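In case you want the letters, here they are:
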Amino acid sequence: MPRPALFGESNRKRLRRWAPALVLMLLCTLITIANPNFIEPRNLIRVANSAAVPLTLAMGLTFIILMGSIDLSVEGSLSIAAMVTVLLAANDANANSWGWFAVAAAIAASTALGALTGAIQTFLRIPSFMATLGIWFIGLGVSVYMLGGSAVRLMDPSIRDLALARFLGFPLSVWVALGAFLLACAIQYHTRLGRHILAIGGGEEVAELSGIKLRRVRIAAFALAGFFFGLAGILAAAQLGRSDAVIADGRLFAAVTAVVVGGTALTGGEGGVVNTLIGVLIVTVLGNGMILLGVSPYVQQSVQGLLIIAAVALSLDRLRLQIVK
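Okay, so let's go over this structure.

A few points about the nonpolar core
- Ranked by internal contacts, the top residues of the largest apolar core, which has 76 residues, are Leu57, Leu61, Phe63 and Leu78.
- Top element by residues in this core is helix H10 (residues 214-240). It accounts for 15 residues.
- The contacts of Phe63, once residues within four sequence positions are left out, are Ala184, Ile187, Gln188, Ile197, Leu224, Phe228 and Val273.
- By size, the runner-up hydrophobic cluster in this structure holds 12 residues, among which are Leu24, Ile31, Leu286 and Met290.

Structural data, given as structure tokens:
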């Protein structure tokens, strides 16, 4: 008698694992039937370009969610990175022209902010929700203050080429995002840090008993997330050609949606960066398809909200989840 139950559970796990990829294929098929312009090369390049920043952000956020934590500092970290890039590179607000050193400084600033977040969360024992919420507003406030409350144009042509120059038909930002994905894959599947992050998400007490240094791994994970957020901030500044107070607006929701829709469980320990890639594509393709079909922007927001609720509902194993808070 127990055999069919075990088989059924195995089937449910397999279905949850493959559901995002099946949804992506079905979504592409339906949109193509409704509007064949979707599969035109020009539109596919547009989809890839739109996915570049969300994918890079979501790579960093995936590691935090895999631990069973959450990082709301996405928009603050992105704002800091974009601000540092624009103010240190050639711009219309000061005489700086540090070129690619500005890019390195932006990534360093965002990574340091992530490490600070991890240290605050672990040493002060503040829930990640509140610690990262505070860092979000600190980062955003510092960024707006340094920009003087106005938009500052990025005038360095080499950095702008991340959005304007193309390789094999795709903007360089797409290739940078792909590189970020490959780096995230290498970290998750081929490094001790990646294995420890997954172990903490699977069970923090068991991970500690097995010798994993929880504080060290958490700080490293938040710093790693900050690295990816900083890279996304640079891409955002290059794409928009400026940095301002609203450059990060909506980025948190897009990143969280992509991670969850891809099948990474909010409870931690299940999923990963490959799932997130599929989630980013689902969200981006859906948005592009609704634009092609002339769907109202307000309806688009409602559809995205329904999508994230459905994704969370499908990703939870209710047979094992005893308490929902």
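After that view of the structure, there is still more to cover.
Here we look at helix H8 (residues 192-202)
- Along H8, the positions that sit buried rather than exposed are Gly194, Ile197, Ile200 and Gly201. One side of H8 holds all its buried residues, which, seen down the axis, span an arc of 125 degrees. In this structure, H8 carries Arg192 and Gly202 as exposed residues pointing more than 90 degrees from its buried face.
- Those residues of H8 that are buried are in contact with helix H2 (41-66), helix H7 (172-190), helix H9 (204-209) and H10.

Brief notes about the environment of Cys28
- Position of Cys28 relative to the elements: it lies in helix H1 (residues 2-34).
- If we ignore the near neighbours within four places in the chain, the residues touching Cys28 are Phe38 and Val285.

Definitions and limits used
Residues numbered from 1 in each chain as written. Predicted model: local features only at pLDDT ≥ 70, side-chain atom pairs only at ≥ 80, totals over all residues. Heavy atoms only, no water. Core = buried A, V, L, I, M, F, W, Y, C linked by side-chain atoms within 4.5 Å. Buried < 20%, exposed > 50% of the residue type's maximum accessible area, 1.4 Å probe, protein only. Helix = DSSP H or I, 4+ residues; strand = E, 2+ residues; numbered from the N terminus. Contact = heavy atoms within 4.5 Å. Arc of directions from axis to C-beta.

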